[in-house]
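Chain and residue survey
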Amino acid sequence: MSDIIGLERDVAAMKRDIANLQGWQKTQNGTLQRIDAKIDKLVYWIMGEMAAVIILAVSIFLRGR
């Protein structure tokens, strides 16, 4: 009988741990999505800067001709 009670306690503890891990995972997923959005914005900013530099270089090259 005590073995069953011990198993019930173990199962209850595991259920609590699983619930905690699921909550942690949801928090991590939200954080990762925010980081991903920031990286996307940074990539677009870098591409815009690169386009500006290329346009500037082309205009300087064409004026020199």
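Within each chain, residues carry numbers counting from 1 in the order of the written sequence. Since the coordinates come from a predicted model, pLDDT governs what is reported: local features require at least 70, and pairs of side-chain atoms require 80 or more to be given and counted, while whole-chain, interface and lining totals use all residues. Side-chain figures throughout are based on the complete set of non-hydrogen atoms in the structure, without hydrogens or water.

1. Section: the overall build of the protein
The cut-off we apply is this: Here a strand is any run of E in DSSP of at least two residues, a helix any run of H or I of at least four, and the numbering for each starts at the N terminus. Only protein chains enter the accessibility calculation, which uses a 1.4 Å probe; a residue whose area is less than 20% of its type maximum is buried, one above 50% is exposed, and one in between is partly exposed. By the counting scheme adopted, Arg and Lys are positive, Glu and Asp are negative, and His together with the chain ends is not counted. Charge placement uses NZ in Lys and CZ in Arg. For Asp and Glu, CG and CD serve respectively.
Looking only at helices and strands, the protein features one helix and zero strands. By principal-axis analysis of the C-alpha atoms, the protein measures approximately 95 × 15 × 5 Å. Every one of the 65 residues in the protein was classed for burial, and the buried ones make up 2%. Here the protein contributes 9 positively and 7 negatively charged side chains, and the mean placements of these two sets differ by 14 Å.

2. Observations concerning the environment of valine 11
Tracing the chain through its elements places valine 11 in helix α1 (residues 2-64). The exposure class of valine 11 is partly exposed, given its relative accessible area of 43%. Between the C-alpha atoms of valine 11 and alanine 52, which are 41 residues apart in sequence, the distance is 61 Å.

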